[in-house]
Amino acid sequence: MILIGERVNAGFKDIKEAIINKDGDVIKEWAKKQADAKADYIDVNLGTASAKPEDLCWMIEMVQEAVDTPISIDNNKAVMLKEAIPICKKPPLVNSVTAVEEKLNELLPIVAEHKASIIGLSMDETGSPKTADKRVENAGKIFEKIMEYEMSPEQLFLDPIVMPLKFMQDQAQEILKAASQFSLFSDPPCHIVCGLSNISTGTTQKKLINRTFVTMLIANGLDAVILDVLDEELVNAILTADLIMNKSIYADSYLGAFLK
Amino acid sequence: MQVPDVGEKWTNKINEVTIGATKAEGGTRAKTITVGGQTTLPFMTFEGEIPHKPVIAGYVADTVPEWPDVLKKAIGQEINSPVEWAQKCVKEYGVDLISLKLLGADPTINDASPSDCAKVVEDVLRAVDVPLIIWGCGDDEKDNLILPECSQAARGENCLIGSAKESNYRTVVAICKADKHKIISEAPVDINLGKQVNILLQDAGFDLKDVVMFQTTAALGYGFDYVYTIMERARSTGLKGDKLMAVPQICDVGGETWRIKEAIADEDVLPGWGKLEKRGLLWEAVCGGVYLQAGTDILVMAHPEAIKNIQKTIKRFF
């Protein structure tokens with residue numbers, strides 16, 4: 001399972017203040033904590049704190065000073081990515097692009113040039129999809145474009161777009177159906193990813209809902225997730241689901257061994 | 001029409017483990033042997049790198065094993081002396097390293113003392129200049145007594161010492177850390193336990209980059225397919241990214257083959273099975289060849305003709 005740590009995000013108050021005050025220590029600390037918890041990527045999100053490429057680059061540099069974990073650049077603007085991708089020491093993951101032709105044509109050449117990967121959101125200009133079929137249709141468009149730019153399926157992380165359970169309860173099943181169909185696009189398949197915490201927005205049982213849903217997604221092909229990597233019970237549920245899917249070999253100390 | 005690339009793409013690399021130390025490295029070996037480092041399955045050179053060919057370790061014991069006469073004859077009178085046997089393995093059979101089994105320490109065989117065992121290790125190290133694998137006798141309690149002395153006697157030579165099991169790994173880790181040797185981790189035909197032993201070694205502070213896995217070995221007809229499957233699964237899991245399984249593997253083909261009736265009993269006992277003289281060595285060679293495909297990095301072998309056969313296979317296919 002590819003774990004993408006969500007915490008270096010200006011949506012969190014301490015990160016937003018750190019960006020405004022250029023306090024690198026806060027960012028480094030969160031990068032380190034998530035790397036210690038075995039994040040495979042550190043997601044870096046500038047949010048509304050700034051719109052300047054140099055601020056995004058500064059955040060990336062702070063993370064790279066603290067850890068050598070690859071970066072997930074949480075931004076979809078070409079002008080930002082053109083600056084940010086080249087300073088990444090390891091090929092980054094670009095988060096994200098939608099199934100909009102002009103957007104794909106704008107971002108994919110930059111991503112392909114730097115051998116980076118990209119998260120493809122299965123939504124288009126008409127907004128969030130309501131059905132599994134629409135998700136698959138959108139994902140198919142992105143997949144086709146990836147091939148056109150001679151990228152390999154492993155460079156694509158398809159996102160079925162997770163909707164809040166509390167407000168759109170009928171969507172969860174559509175998401176699961178879509179994920180299982182994404183895995184049929186190619187062999188070897190592309191990655192399937194999601195921003196997990198959307199499912200529990202506004203609920204009183206956030207953690208329980210997150211970890212229940214993630215195991216169901218894993219059963220439907222999910223192999224990457226944007227999450228709170230410090231949520232130990234969530235990560236334990238993911239490791240266990242991977243065993244059940246026969247993706248890793250059981251050993252009595254499988255949970256403890258993960259953090260070593 | 002363009003032919004699609006259907007090759008597997010693996011994400012991980014098997015650890016590289018070097019056995020032996022030259023003078024410059026604090027030992028007395030003429031050369032070292034490195035195994036592992038693959039980024040693909042055996043023979044699949046078009047899918048990835050296989051930087052080091054599998055190697056053959058010549059089976060040598062401190063006491064003559066209970067082997068059939070055909071094998072003892074094939075090796076010759078040198079089988080009576082571990083020093084001469086090891087020299088013959090290196091000079092005549094051209095093996096890459098020596099696998100020394102201290103069978104004589106077994107309380108039911110000679111109950112040899114720790115200092116006797118250490119002396120054999122010293123003598124063999126002096127007699128040959130290839131790297132050395134040292135195995136206890138298999139009795140945990142006795143091995144805990146002899147391995148520390150043997151390890152000390154070989155200090156600086158960067159030997160591969162076996163084996164660390166769930167029951168005795170602490171002792172083996174302590175001596176290998178103190179005397180800077182590599183470890184064989186052992187689990188009997190049990191992939192889950194195999195992974196667990198590696199976790200235990202890691203928890204005890206031993207770097208898995210210095211470990212070779214031993215899933216134990218079965219001769220053809222005696223659970224061979226189980227071991228094959230485990231080795232293959234361990235390798236593919238390691239290549240997929242499980243760092244606890246991305247470890248080179250060793251097979252004791254010689255030690256296992258020459259215990260089974262098909263390699264011991266001649267035509268008078270097994271009518272229609274052909275002459276034992278040919279059959280036994282073929283049994284060993286076939287096992288060795290197929291374990292190469294399962295993903296072994298080190299084959300411990302006994303019969304000179306079987307060794308020759310596998311050397312040819314390795315030369316031809318790797």
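Before reading on, note that the structure itself is shown above.
Residues numbered from 1 in each chain as written. Chains lettered and ligands numbered in written order. Predicted model: local features only at pLDDT ≥ 70, side-chain atom pairs only at ≥ 80, totals over all residues.

Some words on the sheet that holds strand 4 (residues 97–101) of chain B
All names here are of chain B.
- The eight strands are arranged 8-7-6-5-4-3-10-9 in an open sheet whose pairing can be described as parallel. In the strand order of this sheet, the two ends are held by strand 8 (211–214) and strand 9 (250–252), each with one partner. On average, each strand axis in the sheet is tilted by 25 degrees relative to the strand beside it, whichever way the strands run.
- Bridge count between strand 4 and strand 5 (residues 132–135): four bridges; the pairing is parallel. Its bridge partner lying in strand 5, Lys 101 is registered against Trp 135.
- In the packing of helix 2 (residues 82–93) onto the sheet, the strands contacted are strand 3 (55–61) and strand 4, and the crossing angle to strand 3 comes to about 155 degrees. (Pairing = 2+ DSSP bridges. Helix = DSSP H or I, 4+ residues; strand = E, 2+ residues; numbered from the N terminus. Axes fitted to C-alpha atoms, helices over the stretch in contact; angles between N-to-C directions. Contact = placed C-beta atoms within 7 Å.)

Description of the packing of helix 6 (residues 132–148) of chain A against helix 7 (residues 171–182) of chain A
Residue and element names in this part refer to chain A.
- The interhelical angle for the contact between helix 6 and helix 7, taken along N-to-C directions, is 35 degrees, at an axis separation of 8 Å. Handedness of the helix 6/helix 7 crossing: right-handed. Note on element contacts: helix 7 touches helix 6 through Glu 174, Lys 177, Ala 178, Gln 181 and Phe 182, opposite Ala 132, Arg 135, Val 136 and Ala 139.
- Of the residues assigned to the contact of helix 6 with helix 7, the class counts are five nonpolar, one polar and three charged. (Left-handed = near helix turned anticlockwise from the far one by under 90°. Nonpolar A, V, L, I, M, F, W, Y, C, P; charged D, E, K, R; others polar.)

Section: the interface of chain B and chain A
- Contacts between the two partners involve eleven residues from chain B and, on the opposite side, ten residues from chain A.
- Broken down by element, the residue count for the side of chain B that touches chain A peaks at six residues, all from helix 6 (residues 191–203) of chain B.
- In terms of residue class, the side of chain B that touches chain A is made up of four nonpolar, four polar and three charged.

Some words on the pairing of strand 1 (residues 2–9) of chain A
Residue and element names in this part refer to chain A.
- Of all eight residues in strand 1, six are buried, a share of seventy percent or more.
- Across four bridges, strand 1 lies against strand 8 (residues 224–227) in parallel orientation. Within the sheet, the bridge partner assigned to Ile 2 lies in strand 8 and is Ala 224.
- Where strand 1 meets strand 2 (residues 41–45), four bridges bridge the pair, whose relative direction is parallel. Bridge pairing links Val 8 to Val 44 in strand 2. (Buried ≥ 20, exposed ≤ 12 C-beta atoms within 10 Å, placed from the backbone.)

Description of the environment of Gln64(A)
Residues and elements named next belong to chain A.
- Structurally, the position occupied by Gln 64 is in helix 3 (residues 53–66).
- C-beta crowding within 10 Å serves as the criterion here: with 20 such atoms nearby, Gln 64 is assigned to the buried category.
- For the pair formed by Gln 64 and Lys 89, sequence separation is 25 residues and the distance between their alpha carbons is 7.7 Å.

Let's talk about the sheet that holds strand 2 of chain A
- Taken in spatial order, the eight strands line up as 7-6-5-4-3-2-1-8 (chain A) in an open sheet, and their pairing is parallel. Among the strands making up the open sheet, the edge pair consists of strand 7 (191–192) and strand 8 of chain A.

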